[in-house]
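Okay, here's what each chain looks like letter by letter:
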Amino acid sequence: MEPLSHRDLFHAIRGGQAATPTRRTFLRAAGLAGATWLTPVGHLLARASEQAGEGSGPAQSVIMLWLQGGPSQLETFDPHPGTRIAAGTGAVDTALKGVQLATGLEHLAAEMQSVSLIRSMVSKEGDHERGTYTMKTGFRPDPTVVHPSIGAICCHELAAAGTDIPRHVSILPGQWPARGGYLGDKFDAFRTDDPAGPVPDTSSLLSAKRDDQRLKNLDVVESAFAKGRQKRVDATLHRDTVAGARKMMSSEQLKAFDVSNEPLALRRAYGETAFGRGCLAARRLIEVGVRCVEVTLSGWDTHANNHAAHTNQLKILDPAFAALLRDLRERGLLDRTLVLCAGEFGRTPTVNAVGGRDHWPTGFSLALAGGGVRGGQVIGATDPEGQKTEPTNPVTVGDLHATVLTALGIEHDKVNQTPIGRTVKFSEGKPIAALVKGNT
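Within each chain, residues carry numbers counting from 1 in the order of the written sequence. Since the coordinates come from a predicted model, pLDDT governs what is reported: local features require at least 70, and pairs of side-chain atoms require 80 or more to be given and counted, while whole-chain, interface and lining totals use all residues. Each side-chain value is derived from all of the structure's non-hydrogen atoms; neither hydrogens nor water enter the calculation.

K.L.:
Tell me about the overall build of the protein, residues and numbers included.
P.N.:
In this text, helices come from DSSP runs of H or I with a minimum length of four residues, and strands from runs of E with a minimum of two, each type numbered from the N-terminal end. For the protein, the helix and strand inventory stands at 13 helices and 15 strands. By definition in these notes, contact holds between two residues if any of their heavy atoms fall within 4.5 Å. Looking at the protein alone, contacts between residues at least 24 apart form 71% of all its contacts between residues at least 6 apart. Reported accessibility uses the Shrake-Rupley method at a 1.4 Å probe radius. Residues are deemed covered only where the shown protein chains occlude them. Carbon together with sulfur atoms contributes 53% to the accessible area of the protein, which is approximately 20200 Å² in total.

Structure (structure tokens):
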């Protein structure tokens, strides 16, 4: 479909009910013909509307705090203090009356008015790789199709909003970073390490003159190579990748990765750890229009010494998670940023012979906060005796994805066509009514 002209653009917007064009108006109009019609001017207008804010509308970005390895629900978001299954784990009261978190999450406890917990997540995957795929895509691994992650869907469905740098970023990526799946490799997450250092390969080692000459030489070689095989060359996305990289290298938005520009007190509040710096960089990236940032904290696979390992992990997670929420709120970003903190599964109610907890995909926990979701909710419950394998009010991974996509204003059951013609929905689940803003 041909891109709409500026006149068509405003005609489409004025055909709506909004007296003043908003980001949602733009995206609603985009939905009439597919998001690709948005011209550069349209993207800039949508971005300006975002920066002006739209109150309690859908979220526009996601920050995923990914706890690689499968954290124990008992030592994080679902403690049962004083019971056999707690095995000595204590709990702290929170700002939400009657709701406790595990000892070690005192900073997050103060932010619980903005946070909702799901304590009854169920998955059919207890293997790390398969569980990660399931939690990041909403589907179990299937040899016939590769599903896109939440971040890839965000970038596919939401306007680019004038962003020069990758809109899907993974900081401290683990073994299985978020992928574009059938939406295409261009929606894979851009991967980078600790923001304490510069983003690799984003500055040229050559003089400007020599750099320019090399690009011209490369163009000659590539043009010659493409003759007679243009379709196959285009499929590699090589030229798009190079163009994107060159644009990123010269963009002022690249500074969003550099957390050293933030006040020392704020950096300390996040914690002087790679994960803390990653969370701070995530906030900076959201500010310049990045749609999804995944920040990974590894080290939760505690088959031995579970309690000591979780104590150490919480010292990293707690200040970073709480500071991120405060920082987003103080900057007016929390209402348009959905924050999701989760791992691939939980851990067993019983403690094994070496003081560890093993994999447990039945009745584990995660936390959500921010745009598009209600704060202060607790969904589901697990058995304090650890006898029942099914939690109360179980939530499937598909339901979680449907909830997140709905909070982002994305049609969760939209049917898509894969490159081989197979039809697949973004999610097979149903949104959790108690969590989605706007539901009564």
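K.L.:
How would you explain the packing of helix H7 (residues 208-226) against helix H9 (residues 238-249) if you had to name every residue and give the values?
P.N.:
The N-to-C vectors of H7 and H9 enclose an angle of 170°; their axes lie 13 Å apart at closest approach. As summarised for this structure, H7 and H9 are arranged roughly antiparallel, according to the angle between their axes. Contacts from Asp211, Leu215, Asp219, Glu222 and Ser223 in H7 reach His238, Arg239 and Arg246 in H9. Ten residue types, Ala, Val, Leu, Ile, Met, Phe, Trp, Tyr, Cys and Pro, are classed as nonpolar, four, Asp, Glu, Lys and Arg, as charged, and the remainder, Gly among them, as polar. Of the residues that constitute the contact of H7 with H9, the class distribution is one nonpolar, two polar and five charged. Orientation is described by lines fitted to C-alpha atoms, with helices fitted over the stretch in contact, and by angles between N-to-C directions that extend from 0 to 180 degrees. For classification, angles of less than 35 degrees are called roughly parallel, those exceeding 145 degrees roughly antiparallel, those between 65 and 115 degrees roughly perpendicular, and all remaining angles oblique.

K.L.:
Could you give an account of the pattern of salt bridges, with specific residues and numbers?
P.N.:
Opposite charge on two side chains allows them to pair when their charged atoms are near. Between Lys or Arg on one side and Asp or Glu on the other, a salt bridge is scored when a side-chain nitrogen of the former is within 4 Å of a carboxyl oxygen of the latter. Under the counting rule described, the total for this entry stands at 26 salt bridges. Asp219 serves as the salt-bridge partner of Arg239, at 3.5 Å between the closest nitrogen and oxygen. Of this pair, Arg239 sits in helix H9 while Asp219 sits in helix H7, and the two are 20 residues apart along the sequence. Between buried and exposed lies partly exposed: a residue is buried under 20% and exposed over 50% of the maximum accessible area for its type, with that area taken using a 1.4 Å probe on protein chains only. According to the relative accessible area criterion, Asp219 is partly exposed, its value standing at 38%. Several salt bridges share partner residues, and in doing so they unite Glu262, Arg283, Arg284, Glu287, Asp327 and Arg331 into one network.

K.L.:
Describe helix H5 (residues 128-137), and please don't skip the residues or the numbers.
P.N.:
Buried residues dominate H5, accounting for seven of its 10 residues. Along H5, the residues that are buried comprise His128, Gly131, Thr132, Thr134, Met135, Lys136 and Thr137. Each polar contact in these results corresponds to two N or O atoms within 3.5 Å; when the atoms are within protein, one needs to be able to donate a hydrogen and the other to accept it, and residues that are neighboring in sequence are counted only if both atoms are side-chain atoms. At the N-terminal end of H5, a side-chain oxygen is found 3.1 Å from the backbone nitrogen of Glu129, two or three residues along, and the residue is Asp127. Positive phi appears at Gly138, one or two residues downstream of H5, with a value of about 90°.

K.L.:
Could you give an account of the layout of surface pockets, with specific residues and numbers?
P.N.:
Definitions used throughout: a 1 Å grid over protein atoms alone; a cavity as a set of points that fits a 1.4 Å probe which cannot get out; a pocket as an open set with protein on both sides within 12 Å along at least five of seven lines; a lining residue as one with an atom within 4 Å of a point. Grid points are joined across faces, edges and corners, and a volume is the space filled by probe spheres set on the points. When its volume is computed, the second largest pocket comes out at roughly 290 Å³. Of the residues that constitute the lining of the second largest pocket, the class distribution is three nonpolar, six polar and three charged.

K.L.:
Account for the environment of Asp358, naming residues and giving values.
P.N.:
Following the sequence through the fold, Asp358 ends up in the loop between strand S9 (346-347) and strand S10 (359-360). There is a polar contact of 2.8 Å between the side chain of Asp358 and the side chain of His303.

K.L.:
A description of the packing of aromatic side chains should follow, citing residues and the corresponding values.
P.N.:
Within 6.5 Å between ring centres, the rings of Phe, Tyr and Trp (the latter by its six-membered ring) count as paired, and their orientation is classed by plane angle as stacked under 30 degrees, edge-to-face over 60, tilted in between. As enumerated under the stated definition, the model contains one aromatic pair in all. Measuring from ring centre to ring centre gives 6.1 Å for Phe190 and Phe257, while their planes differ by 65°; the resulting arrangement is edge-to-face. Note that Phe190 is positioned in strand S6 (residues 190-192) and Phe257 in the loop between H9 and helix H10 (264-270), a separation of 67 residues in sequence. Of note, Arg229 hangs over the ring of Phe225, and the distance from its end group to the ring centre comes to 4.4 Å. The rule is short: NZ of Lys or CZ of Arg within 6 Å of the ring centre and within 35 degrees of the ring normal puts a charge over the ring.

K.L.:
Could you give me a rundown of the nonpolar core, with the residues and numbers involved?
P.N.:
In plain words, nonpolar cores are sets of buried Ala, Val, Leu, Ile, Met, Phe, Trp, Tyr and Cys residues tied together by side-chain atoms within 4.5 Å. Counting 52 residues, the largest nonpolar core has Leu65, Phe77, Leu101, Leu285, Val293, Leu317 and Phe321 as the members making the most contacts within it. Filtering out sequence-adjacent residues up to four positions away, Leu317 remains in contact with Leu67, Phe275, Leu297, Trp300 and Cys341. Phe187, Leu338, Phe364 and Ile432 belong to the second largest nonpolar core, which has 38 residues in total.

K.L.:
Describe the packing of helix H11 (residues 274-287) against helix H12 (residues 306-330), with residues and values.
P.N.:
Two numbers describe how H11 lies on H12: the axes approach to 9 Å, and their chain directions differ by 15°. Between H11 and H12, the angle falls in the class roughly parallel. Crossing of H11 over H12 shows right-handed handedness. From H11, Phe275, Gly276, Cys279, Leu280 and Arg283 reach across to H12, where they touch Ile316, Leu317, Ala320, Leu324, Asp327 and Leu328. When its residues are assigned to classes, the contact of H11 with H12 shows eight nonpolar, one polar and two charged. Left-handed describes a crossing whose near helix is turned anticlockwise from the far helix by less than a right angle; the clockwise case is right-handed.

K.L.:
Kindly report on the environment of Asn312, identifying the contributing residues and their values.
P.N.:
Mapped onto the fold, Asn312 is located in helix H12. Take Asn312: its relative accessible area is 46%, and that puts it in the partly exposed class. Once the C-alpha coordinates of Asn312 and Trp300 are considered, the two residues, 12 residues apart in sequence, prove to be 10.0 Å apart.

K.L.:
Any details on empty space enclosed by the protein? Residues and values, ideally.
P.N.:
As enumerated under the stated definition, the model contains three cavities of 30 Å³ or more in all. Across the lining of the largest cavity, the residue classes break down as five nonpolar, seven polar and four charged. Computed from the structure, the second largest cavity encloses a volume of approximately 50 Å³. Considering the residues around the second largest cavity, the lining is formed by Met64, Lys136, Ser149, Ile150, Gly151, His168, Ala178, Cys292 and Glu294. Elements with a contribution of two residues or more to the lining of the second largest cavity: helix H6 (150-157) and strand S7 (292-298). Its residues placed into classes, the lining of the second largest cavity shows four nonpolar, three polar and two charged.

K.L.:
A description of unusual backbone geometry should follow, citing residues and the corresponding values.
P.N.:
A positive phi angle is found at Asp201, which is not glycine, with a value near 60°. Residue class for Asp201 comes out exposed when judged on its relative accessible area of 75%. Backbone geometry places Asn305, a non-glycine residue, at a positive phi of 50°. Relative to the helices and strands, Asn305 resides in the loop between S7 and H12. On the accessibility criterion, Asn305 (52% relative accessible area) is exposed.

K.L.:
Which residues make up H7, and what values do they have?
P.N.:
In this model, H7 (19 residues) spans 27 Å end to end at C-alpha, consistent with the 27 Å of a helix rising 1.5 Å per residue. Every buried residue belonging to H7 is among Asp211, Glu222 and Ala226, and all of these are buried. Buried residues along H7 cover an arc of 40° about the axis, so they all sit on one side. For H7, exposure combined with an orientation more than 90 degrees from the buried face picks out Lys209, Arg210, Val220 and Val221. Those residues of H7 hidden inside the fold are in contact with helix H8 (230-235) and H9. Phi turns positive, to about 85°, at Gly228, one or two residues after H7. An expected span of 1.5 Å times one less than the residue number is assigned to each helix. Along the arc lie the directions from the helix axis toward the C-beta atoms.

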